[in-house]
Amino acid sequence: MSEHRRRSPNGGGQPPGGHGDGRRPYPPGNPPQGAPSRGRPGQDELRADGIRRSRATARETAQQPRLTRAEMRRQAQKGGGGGGAGGRRGGPPVGGPGKKRFVDYPRWGKSGFRRWIPSWKQVLTLFLVFFGGTVAAVGVAFALTPVPDANKQFDEQNNIYFWADGSEMTRKGTTNRQVVPLSDISRAAQDTTIAAENETFRTDKGIDPKGIARAVYKMATGGETQGGSTITQQYVKNYYLSKDQTVTRKVKELFITLKIADQKDEVLKGYLNTSWYGRNSIGVQAAAQAYYGKDASQIDICQGAMLAGLLKGAGLYDPSLTPENHKRMQERWEYVLNRMVVANLASQADVDKCGKAFPEPIKPKAQSNMTGEISYLVETANKYLMAKDPTISDNDLQRGGYKIYTTFEKTKVDALKNAVDGFQKDNLHPDKRDKDKFVQMGAASVVPNDGAIVAIYGGEGIENGHYTNNADAPGIPVGSTFKPFVLATAMQTGVLTKMDDDGKPTRISTDSRYMANNLTEIFKPDGSPAIGDNGQPYRQRNDSTSAPGYVTLKEAMKNSYNVPFVQLNQDVGGKNVEAMVLRMGLRPTSLAPSSTITFPLGTSTPSAIRMASAYSVFAAHGQQTDPYSVKRVTKDGVEQPLFTKPTAKKVLDPAVADNITDVLENVAKNGTGKKTNELGFPVAGKTGTTDAGTSAWWVGYTNSLVTSVGMWREEPGKPGLLSLDGTAGKTEIHGGDFPTDVFTRYMKVIGPGNPRNFPDPEDAGVKVDASGAPSTASPSASASASTSASPTESPSTTPSPTSGPTGSPSPSASASCFLLCPTRTPPTRPGKPSPTATDTSTQGGGPGGGGLPGQ
């Protein structure tokens, strides 16, 4: 800073109180000894020894020059004042810290943001205080947490199930529980449980961090899943505490686990006596009696591994319930035996004694109040309950305390059962015909635009050895009942072979015409031939060798021709059909690959409940509502919040849905479902029969009720469908036979509902004919169609690669339908295969189709 900037305003004279030689002026009121004095010093300017002392000024005066930055820094280093009251702006405070503070924060002597950064000593002190406080709090909480008495919720209660009208259906909860000392439980039963649930039980401290990490790793890598909780934790959770998912309960569980962790024998005894094994059995003693008819002390290592496998979920692992359960349990059984060796709980020689012979349990005994359809109704309600509220487990249900208000209507359940029983009594005689053995039926009724499941037929009853709920059983191909979904997709989303003015697929009408001749070649939307598994162009079979020529899709549905709908599926796109049926309520796991050529012919395997639900979209004018069987639940008098009625969603335009209903009403009145004419009121529906006659279906509805009926043959304990051909003395069984008969018997009791008649459909879509269709039907074509209109609803079979020309379409009627166009200008597409081609190579099913279903 230049010198003139530090001078007083008097132009270079001696500053007041200064030296007059250019040196720094004296501080105001504090000149050195011998310096000239301005006036007489005040009383407070002299010390006792008579020496002058400086008096702090309140502020700088206008005549005090500012210090240079260098002077400020030197003054700050010496700890002196300067530059006014606080030194340079933003710097550390001038002078000493004054009275020492207990916590030096903000920190003295630091500038800027450094003043707010705590020192390492402060950080360490804070951590030690926090850690020590936490340890002390945990210690106090641990000491004050007692081991409570047994949970009152462990006391068994009944679950009460109610019909839709509020009357009581049944009670379930007379659980078989027998408490036995550990000495009465075989060592094999103990060790197999430890191997399955907690290998380190005898050495851990009640909590196994490695087990938790291992469980997470197994789940992340897709290996055999296992719980992260130890046996001690599970015992504490089940026996002492509630099911509340709260932090408080988790902390209590931890503390109680640590307190009782050293009581190994007591914990193991309690766990084995309080675990749920299925078949209304709590405890290993009751389970040993229920599954093997012996005491727990007599259970060997092979049987013990099976019982231990049930702890993962008896509903999924009881081998007597379903073939899928049996497969899962056998895998689990082998896993438990392997872990016995790994955990040094048994030798390989001991395990080898079991070999591959799975220890089959005895058949379960039915409770007197769970006979007939009641057991299937309860099972359906329980499955919905646990799916809707994942916090409710099978174990929770078995402990009871629930009041479950279902959607099932007793009159409809009884009427459906009587319809099946009446059909079986009149037609099946297993004592006289082997083909009448192992015949099974499953059925379900759903309310359209609501979703309520009001009736099911699950089987003959567990008291008769039938444990699978056929109404909810997957694995039964639905055949041609799938075709309406293909037509609905074409009308809602359009066909890829013709674009509208906006460049979108054209939405077609039911009057659009497609080739229906037997052995017609199928083409992709781009005009190239669809290729079968044998590498040759694919030709589709019908149920007969007739040649009806081009027929409307409404006519094709009535007679259940395969060719038009296989070609329509290609034109629409299998992926679009798949997306549509998923929106209509079918489950992805039940669908066959949509890339297969035979996808539209019903190779998928939805349950009867899901098929009735999907068809309810047509009856509800395009509205889809998820099926449900429980409308209200209370637990110990407390209302459970998740059980609200599903919300309806629009899937189809009302005009599209009503046109599908019009087509299916024609099927019931004039086509393969004409047996329903006995009812005397309108119904709509579709028949279905699969390849080799392994299953037959009818799905029908009124405005008020949708009902699906499936029929198949399957020997219990031997997975795999048997042919229905020959059943009841008939050469072939079709959906229009016995399933439609059961529906008709049932609806005679139920009635037409309200309103009685279906609405007249509005126009929907554009009439778009397949390539080659004549602009007007020729007399020969009309005659041909007329003679072929007699609905036989027989299953179509796919010709083998060596099939000859028998039944091939005539040259004049075999034009391939791969390009859709307006009827007034049917074009001939370049490169189109010649109608007179002599190549008759065909194959069995589409790519990956695994066989061709028909109606």
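These numbers come from a predicted model, not from an experiment.

1. Brief notes about helix α8 (residues 284–292)
Here is step 1: The buried fraction of α8 amounts to 8 of the 9 residues, a majority that puts the element mostly inside the structure.
Here is step 2: Taken as a whole, α8 has its buried residues at V284, Q285, A286, A287, A288, A290, Y291 and Y292.
Here is step 3: A positive phi of about 65° marks G293, the residue just after α8.

2. Comments concerning the sheet that holds strand β20 (residues 695–701)
Here is step 1: With respect to topology, 5 strands assemble into an open sheet ordered β8-β7-β21-β20-β19, the strand pairing being antiparallel. What marks the edges here is a single partner per strand, and that holds for β8 (453–457) and β19 (684–689). On average, each strand axis in the sheet is inclined to that of its neighbour by 10°, with strand direction left out of account.
Here is step 2: Bridge count between β19 and β20: 6 bridges; the pairing is antiparallel. Residue pairing in the sheet places G688 in a bridge with W697 of β20.
Here is step 3: Taken strand by strand, helix α15 (residues 410–427) contacts β7 (439–446), β8 and β21 (706–713), and its axis lies near 25° from that of β8.
Here is step 4: Lying on the sheet, helix α21 (residues 654–670) is in contact with β19 and β20; it crosses β19 at an angle near 65°.

3. Here we look at the side chain of D389
Here is step 1: Looking at the secondary structure, you find D389 in the loop between α13 (374–388) and α14 (394–399).
Here is step 2: There is no salt bridge for the buried D389, and the closest opposite charge comes from K388, which lies 10 Å off by N-O distance.
Here is step 3: At 2.6 Å, the side chain of D389 forms a polar contact with the side chain of T391.
Here is step 4: Aside from chain neighbours lying at most four places away, what touches D389 is Q640, L642 and F643.

4. Remarks on the sheet that holds strand β6 (residues 402–406)
Here is step 1: Taken together, the 5 strands give an open sheet; going across it, the order is β2-β1-β6-β16-β17, and neighbouring strands pair in mixed fashion. Single-partner strands in this sheet number two, and they are β2 (168–172) and β17 (638–639).
Here is step 2: In this sheet, β17 lies alongside strand β16 (residues 630–635) in antiparallel orientation, the contact comprising 2 bridges. Residue pairing in the sheet places T634 in a bridge with E639 of β17.
Here is step 3: Set on the sheet, α13 makes contact with β1 (159–162), β2, β6 and β16; between it and β2 the angle comes to about 80°.

5. Considerations on the pairing of β20
Here is step 1: Where burial is concerned, most of β20 is hidden: 7 out of the 7 residues are buried.
Here is step 2: Where burial is concerned, the two faces of β20 agree: the one with S695, W697, V699 and Y701 and the one with A696, W698 and G700 are both buried.
Here is step 3: Between the antiparallel neighbours β19 and β20 lie 5 residues, among them A692 with a positive phi of about 65°.
Here is step 4: Here 7 bridges tie β20 to β21, and the two strands are oriented antiparallel to one another. Considered in β21, the bridge of A696 is made with M711.
Here is step 5: Joining the antiparallel neighbours β20 and β21 is a turn of 4 residues.

6. Some details on a nonpolar patch on the surface
Here is step 1: Together, W120, L124, F127, L128, F131 and V135 make up an exposed nonpolar region whose accessible area comes to about 670 Å².
Here is step 2: Turning to its location among the elements, V135 is positioned in helix α2 (residues 120–144).
Here is step 3: With a relative accessible area of 45%, V135 lands in the partly exposed category.

7. Things to note about the environment of Q570
Here is step 1: Along the polypeptide, Q570 turns up in helix α18 (residues 563–572).
Here is step 2: Judged by its relative accessible area of 14%, Q570 is buried.

8. Notes on the state of the cysteines
Here is step 1: Under the counting rule described, the total for this entry stands at 1 disulfide.
Here is step 2: Between C302 and C354 runs a disulfide, and the two sulfur atoms are separated by 1.9 Å. Between C302 and C354, the disulfide has an S-S torsion of -100° and is therefore left-handed. Linking C302 in helix α9 (residues 301–309) with C354 in the loop between α12 (348–352) and α13, this pair joins segments that are 52 residues apart in sequence. Assigned by exposure class, C302 and C354 land together as buried.

9. Concerning the pattern of salt bridges
Here is step 1: Evaluated as defined, the whole model comprises 28 salt bridges.
Here is step 2: Taking the shortest distance from any N to any O, the salt bridge between K383 and D472 comes out at 2.7 Å. Here D472 lies in the loop between β8 and α16 (483–492) and K383 lies in helix α13, a separation of 89 residues in the sequence.
Here is step 3: The closest approach of N and O atoms between D769 and R513, which form a salt bridge, is 2.8 Å. Residue D769 is found in strand β22 (residues 769–770), and its partner R513 is found in strand β11 (residues 513–515); the two are separated by 256 residues along the sequence.
Here is step 4: Shared partners join several salt bridges into a network, and the residues in it are R187, D191 and R202.

10. A closer look at helix α22 (residues 738–750)
Here is step 1: Helix length check: α22, at 13 residues, gives a terminal C-alpha distance of 18 Å against a target of 18 Å (1.5 Å per residue), a fit within 8%.
Here is step 2: For α22, the complete set of buried residues consists of F738, P739, T740, D741, V742, F743, T744, Y746 and M747.
Here is step 3: Once α22 finishes, G751 follows within two positions and takes phi at roughly 90°, a positive value.

11. Comments concerning unusual backbone geometry
Here is step 1: Backbone torsion omega between N754 and P755 reads 0°, so that peptide bond is classified as cis.
Here is step 2: Secondary-structure assignment places P755 in the loop between α22 and β22.
Here is step 3: The backbone phi angle of N344 is positive, close to 60°, even though this residue is not glycine.
Here is step 4: Among the secondary structure elements, N344 is positioned in the loop between α11 (323–342) and α12.
Here is step 5: Exposure remark for N344: the relative accessible area of 71% places this residue in the exposed category.
Here is step 6: A positive phi angle, close to 65°, is found at N449, a residue other than glycine.

12. Considering the pairing of β6
Every other side chain in a regular strand lies on the same face of the sheet, so the side chains alternate between the two faces.
Here is step 1: Most of β6 is tucked away: 4 of the 5 residues are buried.
Here is step 2: Bridge count between β1 and β6: 3 bridges; the pairing is parallel. Considered in β6, the bridge of F162 is made with Y405.

13. Topic: the packing of aromatic side chains
Here is step 1: In this structure the tally under the stated criterion is 12 aromatic pairs.
Here is step 2: For the ring pair F482 and F485, a centre distance of 5.3 Å and an interplane angle of 90° mean the geometry is edge-to-face.
Here is step 3: Centroid distance F482 to F599: 5.1 Å. Interplanar angle 70°. Geometry classified as edge-to-face. You can see F482 sitting in the loop between β8 and α16 and its partner F599 sitting in the loop between α19 (574–583) and α20 (608–619), a full 117 residues away along the chain.

Reading the values: the criteria
Residues numbered from 1 in each chain as written. Predicted model: local features only at pLDDT ≥ 70, side-chain atom pairs only at ≥ 80, totals over all residues. Heavy atoms only, no water. Buried < 20%, exposed > 50% of the residue type's maximum accessible area, 1.4 Å probe, protein only. Helix = DSSP H or I, 4+ residues; strand = E, 2+ residues; numbered from the N terminus. Pairing = 2+ DSSP bridges. Axes fitted to C-alpha atoms, helices over the stretch in contact; angles between N-to-C directions. Contact = heavy atoms within 4.5 Å. Lys, Arg positive; Asp, Glu negative; His and termini not counted. Salt bridge = Lys/Arg side-chain N within 4 Å of Asp/Glu carboxyl O. Polar contact = N/O pair within 3.5 Å; in protein donor to acceptor, adjacent residues only side chain to side chain. Patch = residues over 30% accessible without salt bridge, like charges linked within 9 Å, V, L, I, M, F, W, Y side chains within 5 Å. Areas by Shrake-Rupley, 256 points an atom, 1.4 Å probe, with all protein chains shown as cover. Disulfide = S-S within 2.5 Å. Expected span 1.5 Å × (residues − 1). Phe/Tyr/Trp six-rings, centres within 6.5 Å; stacked < 30°, edge-to-face > 60°.

Purely geometric stuff here, so don't read any function into it on its own.
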